[in-house]
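Structure assessment
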Amino acid sequence: MSFNFDLVIQSFPLLLLGAGITIKITALSVGLGMIIGMFVGIARISHVAPLRMLAAVYIDFLRGTPLLVQIFLIYFALPIMLDQRVDPFVAAITACGINSGAYVAEIFRAGIQAIDDGQMEAGRSLGMTWVQTMRYIIVPQAFKNIIPPLGNEFIALLKDSSLVSVIGFEELTRRGQLIIARTYGSLEIWLSVAVIYLAMTLAISRLVAYMEKRLKTS
Amino acid sequence: MIDIKDLRKSFEDHEVLKGINLHINPKEVVVIIGPSGSGKSTLLRCMNMLEVPTSGKVVVDGIELNGEANINKAREEIGMVFQRFNLFPHMTVLENITLAPMKVRKISKEEAEKTAMELLNQVGLADKAEAYPPQLSGGQQQRVAIARALAMKPKVMLFDEPTSALDPEMVKEVLDVMKSLANKGMTMAIVTHEMGFAREVGDRLLFVDEGQIIEQGPPKDVFDNPKEERTKLFFSKIL
Ligand SMILES: Nc1ncnc2c1ncn2[C@@H]1O[C@H](COP(=O)(O)OP(=O)(O)OP(=O)(O)O)[C@@H](O)[C@H]1O
Ligand SMILES: [Mg+2]
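Residues numbered from 1 in each chain as written. Chains lettered and ligands numbered in written order. Predicted model: local features only at pLDDT ≥ 70, side-chain atom pairs only at ≥ 80, totals over all residues. Heavy atoms only, no water.

A look at the packing of aromatic side chains
Residues and elements named next belong to chain A. Evaluation of the coordinates by the stated rule reveals eight aromatic pairs over all chains. Their ring planes at 40° and their centres at 5.6 Å tell us that phenylalanine 89 and phenylalanine 169 sit as a pair that is tilted. Of the two residues, phenylalanine 89 is situated in helix H4 (residues 88-113) and phenylalanine 169 in the loop between helix H6 (130-160) and helix H7 (172-183); the sequence distance between them amounts to 80 residues. Take phenylalanine 169: its relative accessible area is 12%, and that puts it in the buried class. (Phe/Tyr/Trp six-rings, centres within 6.5 Å; stacked < 30°, edge-to-face > 60°. Helix = DSSP H or I, 4+ residues; strand = E, 2+ residues; numbered from the N terminus. Buried < 20%, exposed > 50% of the residue type's maximum accessible area, 1.4 Å probe, protein only.)

Next up, the structure:
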């Protein structure tokens, strides 16, 4: 067995560029997922039955089908319906964001249900509407509780974003594949790719732990 | 001020309120006592629809409590104080008190804060305006909760065992605030186990058992000459 260190060093800048793109799609997808997840999570526990059902269908569908299939649906199937090509970047973020939204919705739901019922009762007894009470009282408190699971979701999505390599989008995994196609350095490149993913996920979990501590003391 | 007609409430097939008729006059202080599980909290919570009655009618300040809009409207006029305070822990004392007046009554921040400071003075906590609820003692939290309810300038105040979660040495400071409120002419419905307070401050005493009003009258009469067997039995256990 031979290990070509030069290849690692040569490829590293290219891989880091790919890692940058991985972070970018992850951040945008999580952002989209948070917005979707907040509304779907709240809809899931609202007292409007059709909303509740719609939210449940959304969550079940996205958690019950593979992300890879969802990416194919958006990148290959949707264009047939729209009769229009979908940009890989847009497809990647949409697929990951919509998917993440389902998981974030469940995180939000749990975070909201963990808040004492007395908080909603206090808000309502003061004449505030359900929506006002959610917005000013329940959701801000839920946010504090859900930072750790949201951090885990961020990490999961960062890893899952490697799946968008299949539609040719040049994030970290795809970059690795392309370099290997040129150099045949499977061992060196896949190891490098793995190390970079590991560095990113460790950094995120540290950041989340730090934020959690800051919030606890405040 | 509050008019309740044939109010019934069941949880699943357990009937907790079995036809309550009650009329509370403006400025009247009604104290509700009764054994645990008799339906006192449920009755109080039906007065602002935190609990939705199975049947019957509740009218507060001329507004019948039916339909979302009416209920929200009526709740603006009904303050409620809970056993476990239910302050908003992520907001300062001042923010706790000003939130609803600003969002519901659409009062400016300056005005809401001015009213809040007056109320905090009234309950003796002006120096705690910037504190967060978890930093306060139970008695202080409950006084803030009273100020929060009063900030909406309600016409009626409901109290559900406001001193039951407090250490004994803090009970008096909360009862004193309630007493001065009664003296100022606030209409109040109070569920409590503080019999001395009931006798002193109440205009009318209501004894509730198994979802029914068993006996009512001026506190002194009911305490000194209970007419019903169940009232006598209850007093023999607690006094
Ligand atoms: N949300 C609920 N679901 C089911 N049962 C309930 C609910 N709330 C109250 N009950 C039941 O209704 C009955 C009356 O309860 P309520 O809280 O009104 O009694 P209470 O007189 O306030 O008692 P306590 O002095 O212990 O506070 C009890 O048997 C209780 O178990
Ligand atoms: Mg009770």
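Having put the structure on the table, let's press on.
Notes on empty space enclosed by the protein
Residue and element names in this part refer to chain B. One pass over the structure, following the stated rule, counts one cavity of 30 Å³ or more. By volume, the largest cavity amounts to about 30 Å³. For the largest cavity, the full set of lining residues is Gln122, Leu150, Val177, Ser180, Leu181 and Lys184. Looking at which element gives the most residues to the lining of the largest cavity, the answer is helix H6 (residues 168-183), with three residues. Class assignment of the residues belonging to the lining of the largest cavity gives a composition of three nonpolar, two polar and one charged. (1 Å grid on protein atoms, 1.4 Å probe; cavity = no way out; pocket = protein on both sides within 12 Å on 5 of 7 lines; lining within 4 Å. Points joined across faces, edges and corners; volume = space filled by probe spheres on them. Nonpolar A, V, L, I, M, F, W, Y, C, P; charged D, E, K, R; others polar.)

So, the sheet that holds strand S10 (residues 212-217) of chain B
Residue and element names in this part refer to chain B. Taken together, six strands build an open sheet; the order of strands is S6-S7-S8-S3-S9-S10 and the sheet is mixed. Edge positions in the open sheet fall to strand S6 (78-81) and S10, since each of these has one partner strand only. Taking the axes of each pair of neighbouring strands and ignoring which way they run, one obtains an average angle of 20° across the sheet. Looking at chain direction, S6 and strand S7 (residues 156-160) are connected through four bridges and run parallel. Bridged to methionine 80 within S7 is leucine 158. Where helix H9 (residues 229-238) meets the sheet, its contacts fall on strand S3 (29-33), strand S9 (204-209) and S10, and the angle it forms with S9 comes to roughly 95°. (Pairing = 2+ DSSP bridges. Axes fitted to C-alpha atoms, helices over the stretch in contact; angles between N-to-C directions. Contact = heavy atoms within 4.5 Å.)

Some words on the packing of helix H1 (residues 5-45) of chain A against H4(A)
All names here are of chain A. The geometry of H1 relative to H4 is characterised by a closest axis approach of 5 Å and an angle of 45° between their N-to-C directions. Considering the angle they form, H1 stands oblique to H4. The handedness of the crossing between H1 and H4 comes out as right-handed. Of the residues belonging to the contact of H1 with H4, the class tally is 19 nonpolar, nine polar and four charged. (Parallel < 35°, antiparallel > 145°, perpendicular 65-115°, else oblique. Left-handed = near helix turned anticlockwise from the far one by under 90°.)

With respect to the interface of chain A and chain B
Interface size is commonly expressed as the accessible surface area that is lost when the partners come together. Between chain A and chain B, the residue contacts involve 17 residues of the former and 25 residues of the latter. Applying the counting rule to chain A against chain B returns three salt bridges. Residue Arg45(B) is joined to Glu121(A) by a salt bridge in which the shortest nitrogen-to-oxygen separation is 2.7 Å. Where chain A meets chain B, there are ten residue pairs in polar contact (both at pLDDT 80 or more). Elements with a contribution of two residues or more to the side of chain A that touches chain B: helix H5 (117-125) and H6 of chain A. It is H5(A) that contributes the most residues to the side of chain A that touches chain B, seven residues altogether. Of the residues assigned to the side of chain A that touches chain B, the class counts are six nonpolar, eight polar and three charged. (Salt bridge = Lys/Arg side-chain N within 4 Å of Asp/Glu carboxyl O. Polar contact = N/O pair within 3.5 Å; in protein donor to acceptor, adjacent residues only side chain to side chain.)

Regarding the pattern of salt bridges
Residue and element names in this part refer to chain B. Within the structure shown, the criterion is met by 26 salt bridges over all chains. Close ionic contact of lysine 155 with aspartate 61 constitutes a salt bridge, the shortest N to O distance being 2.9 Å. Of this pair, lysine 155 sits in the loop between helix H5 (138-150) and S7 while aspartate 61 is found in the loop between strand S4 (55-60) and strand S5 (63-64), placing the two residues 94 residues apart along the sequence. Aspartate 61 sits in the partly exposed class, given a relative accessible area of 29%. Of the charged contacts in the structure, one is a salt bridge between arginine 230 and glutamate 210, with a shortest N-O distance of 3.6 Å. Separated by 20 residues along the polypeptide, arginine 230 in helix H9 and glutamate 210 in the loop between S9 and S10 bring together distant segments of the chain. Judged by its relative accessible area of 48%, glutamate 210 falls in the partly exposed class. Linked by salt bridges that have partners in common, Asp61, Lys73, Glu76, Glu77, Arg105 and Lys155 make up one network.

Quick look at the layout of surface pockets
In this model, the largest pocket occupies a volume close to 600 Å³. Along the walls of the largest pocket sit 21 residues, with His47(A), Met120(A), Glu121(A), Arg124(A) and Trp130(A) positioned nearest its centre. If you list the elements that add at least two residues to the lining of the largest pocket, you get H4, H5 and H6 of chain A together with helix H2 (68-76) of chain B. By residue number, the principal contributor to the lining of the largest pocket is H5(A), which donates five residues. Taken together, the residues of the lining of the largest pocket break down into eleven nonpolar, four polar and six charged. In this model, the second largest pocket occupies a volume close to 270 Å³. Leu150(A), Gly151(A), Phe154(A), Val208(A) and Met211(A) are, among the 13 residues lining the second largest pocket, the residues nearest its centre.

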